[in-house]
Amino acid sequence: MTQLDHQIHSINPEAAGSRLFKLIAFLYGIAAYLVFFVTIVYAIGFVMGLVVPKTIDTGANTPATEAVIINLLLMTLFAVQHSVMARRGFKAWWTQLIPKPVERSTYVLFASLSLLLLFWQWRPLPTVIWNVANPDLAVTLITLSLAGWVLVFTSTFIINHFELFGLHQVTNHLVGKQAAPPRFRTPLLYKFVRHPIYLGFIIAFWAAPTMTAGHLLFAAVTTAYIFVGIALEEHDLVDLFGDEYRQYKQRVSMLIPWRRSV
Ligand SMILES: C[S@@+](CC[C@H](N)C(=O)[O-])C[C@H]1O[C@@H](n2cnc3c(N)ncnc32)[C@H](O)[C@@H]1O
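Sequence order as written defines residue numbering, which begins from 1 separately in each chain. Per-residue local features are limited, in this predicted model, to residues with pLDDT of at least 70; the limit for side-chain atom pairs, both in listing and counting, is 80 or more; totals at the level of whole chains, interfaces and linings are taken over all residues. Heavy atoms from the whole structure form the basis of all side-chain values; hydrogens and water molecules are not counted.

As recorded in an unreviewed UniProt entry, the protein goes by the name methanethiol S-methyltransferase, listed as coming from Bradyrhizobium campsiandrae. Quoted verbatim from the Function (unreviewed entry) heading of the UniProt record, the comment on the protein is "Catalyzes the methylation of methanethiol (MeSH) to yield dimethylsulphide (DMS)." The UniProt entry for the protein carries the following text under Sequence similarities (unreviewed entry): "Belongs to the nurim family." UniProt positions are given in the numbering used here, feature names are shortened, and annotations may be inferred rather than shown by experiment.

Here we come to the overall build of the protein. Of regular secondary structure, the protein possesses 11 helices and two strands. Each helix is a run of DSSP H or I of at least 4 residues and each strand a run of E of at least 2, with the numbering of both proceeding from the N terminus. Order of helices (α) and strands (β) in the protein, N terminus to C terminus: α-α-α-α-α-β-α-α-α-α-β-α-α. Overall, the C-alpha framework of the protein stretches about 75 × 45 × 35 Å when taken along its three principal axes. A simple rule labels every residue: compare its accessible area, found with a 1.4 Å probe on the protein chains alone, to the largest value its type can have, and call it buried under 20%, exposed over 50%, or partly exposed in between. Among the 262 residues that make up the protein, the fraction classed as buried is 43%. A fraction of 80% describes how many contacts in the protein between residues 6 or more apart in sequence connect residues 24 or more apart. Split by element, the accessible area of the protein, about 14800 Å² in all, is 70% carbon and sulfur. Charge assignment in this entry is limited to Lys and Arg as positive and Asp and Glu as negative, and neither His nor the chain termini are counted. Taken as the charge centre is NZ of Lys, CZ of Arg, CG of Asp or CD of Glu, depending on the residue. Counting 19 positive and 13 negative side-chain charges, the protein places the centres of these two groups 5 Å from one another. Here, two residues are considered to be in contact whenever any of their heavy atoms come within 4.5 Å of each other. Only the protein chains shown count as cover for residues, and the accessible areas themselves come from Shrake-Rupley with a 1.4 Å probe.

Further remarks concern the UniProt feature "transmembrane region" (unreviewed entry) in the protein. In this numbering, the UniProt entry assigns the feature "transmembrane region" (unreviewed entry) to residues 20-47, 67-85, 106-122 and 142-167. Helix makes up 88% of residues 142-167 and strand makes up 0%, while its end C-alpha atoms are separated by 32 Å.

The subject of this paragraph is helix H9 (residues 196-206). Within H9, eight of the 11 residues are buried, which leaves it mostly tucked inside the rest of the structure. Along H9, the residues classified as buried are Pro196, Ile197, Leu199, Gly200, Phe201, Ile202, Ala204 and Phe205.

What follows deals with the confidence of the model for the protein. Within the protein, residue pLDDT values average 90, and 92% of them lie at 70 or more. Confidence of the predictor in every single residue is expressed as pLDDT, which spans 0 to 100. Within the model, pLDDT remains below 50 along residues 1-17, and this stretch shows five contacts once partners closer than five positions in the same chain are excluded. Interface confidence for the predicted complex, expressed as ipTM, amounts to 0.96; the pTM equals 0.88.

With that settled, consider the packing of aromatic side chains. For any pair of aromatic rings, the description consists of the separation of the ring centres together with the inter-plane angle of the planes. Side-chain rings of Phe, Tyr and Trp (the six-membered ring for Trp) are treated as a pair once their centres are within 6.5 Å; stacked means planes under 30 degrees apart, edge-to-face means over 60, and tilted covers the remaining angles. Here the structure, examined in full by the defined rule, presents 23 aromatic pairs. Pairing Phe157 with Phe162 gives two aromatic rings, centres 5.9 Å apart and planes at 75°, and the pair type is edge-to-face. For the pair Phe184 and Phe241, a centre-to-centre distance of 5.7 Å together with 55° between the ring planes defines the contact as tilted. Of this pair, Phe184 sits in the loop between helix H8 (167-174) and H9 while Phe241 sits in helix H10 (residues 213-241), placing them 57 residues apart in sequence.

Expected helix span is given by 1.5 Å per residue-to-residue step, counting one fewer step than there are residues. For helix H5 (residues 103-121), spanning 19 residues, the distance from its first C-alpha to its last is 27 Å, which sits close to the expected 27 Å at 1.5 Å a residue. Turning to H5, its buried residues are Glu103, Arg104, Ser105, Thr106, Tyr107, Val108, Leu109, Ala111, Ser112, Ser114, Leu118 and Phe119.

Close to the ligand lie 13 residues; Arg185, Tyr190, His195, Ile197 and Glu233 are nearest. Within 3.5 Å is the distance limit for a polar contact, defined as a pair of N or O atoms, with the added protein rule that one can donate a hydrogen and the other accept it, and that residues adjacent in sequence qualify only through two side-chain atoms. Contact distances for the ligand include 2.5 Å between an oxygen atom and a side-chain N or O atom of Tyr190. Residue Pro196 places a main-chain N or O atom 3.4 Å away from an oxygen atom belonging to the ligand. For the ligand, whose unbound accessible area comes to 570 Å², protein coverage reaches 82%. Of the residues forming the shell around the ligand, the biggest block, three residues, is contributed by H9. Whether a residue is near a molecule or strand depends on its heavy atoms: it is near if one of them lies within 4 Å of it.

A positive phi is found at Val51, a non-glycine position, where the angle reads about 65°. Within the secondary structure, Val51 is located in the loop between helix H2 (13-48) and helix H3 (64-84). When its relative accessible area of 89% is taken as the criterion, Val51 is described as exposed.

This is how it looks when you write it as C-alpha cells:
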C-alpha cells in the first residue's frame, strides 16, 4: 500500500473497499469480453463448418423430429435471454440486484454462455437442401459469408464496440468517470442502413455453398429473430431518441441499402 493509499484508507476505510470493487468489476468485464470473443470466433467456425471440432453439421446422431425440437429450444433460450435482458424495463429492475457498471458485461456473458450451450448441444440435420457444384460460385458464397462476418465486426467498431460489449462501462467505473448518456449516432454504414450488424449476420448465415436442413433451420429462425429484435430495438430507440430516430427511419432503410425504409 502506498503512503497515499494508507492515508485514504485511514480517513475512509470504505474508499479502499470501493477501489477493490472497481478493480474486481473491471476484471469481470474483461473476463466477460474474453468469453464473448471466444464465442463469436467459434460461431464463425460453427456456421461455416471450418476448423472447430463441433459445427452446425456435426454432433450426436438424433432422429429428425427430436433434433428439430432440441434445436428450436436452444434458439428460443438464446432469443429470450438476449431480447429480454436488452429491454430498458428489465435493466431498470436488474440493476437493483447487480451493480450498474457490470450490467452490460453480465448481459454479454449470459448471451455468450447461451450461445456456447447452443453450439455444444446443437443436433445436425444432414439432409442437403442445396449443394453448389460450380467451384467459382462455391468460393463466391464462402467469400460472401466471410464478408458478412467482416460487416458484423466492423459495424460494432463503427457504432461503439467497447460500449456494446461492456468494456467501456467497467473502464469508466474503474477510473471514476461518469458514464455519458446514450447518444443517437449514424456513423458511416449507419447512413445507408439502420442495422448493418444484423445485415452482416443474415449474409453470413445464408451464404453457404452447401445448405443442410440443420443450417437452413438455423438461418431461418435466426433471421426471423433478427426481425423481432429489430422491432424491439427500434421501439426502445424511438422511446430514447424520439423524433430524431423517427426521422432516421423515414430516411434510411432497415437492411437493404438501395431501398427506402421499412
Ligand atoms: C447489437 S447493437 C445493434 C445495432 C444495430 N441494430 C445494427 O444492427 O448495427 C444494439 C445496440 O445498438 C444501439 N443502437 C442501435 N442503433 C443506434 C443508433 N443509430 N445510435 C445509437 N445507438 C444505436 C441500441 O440501442 C442497442 O443498445
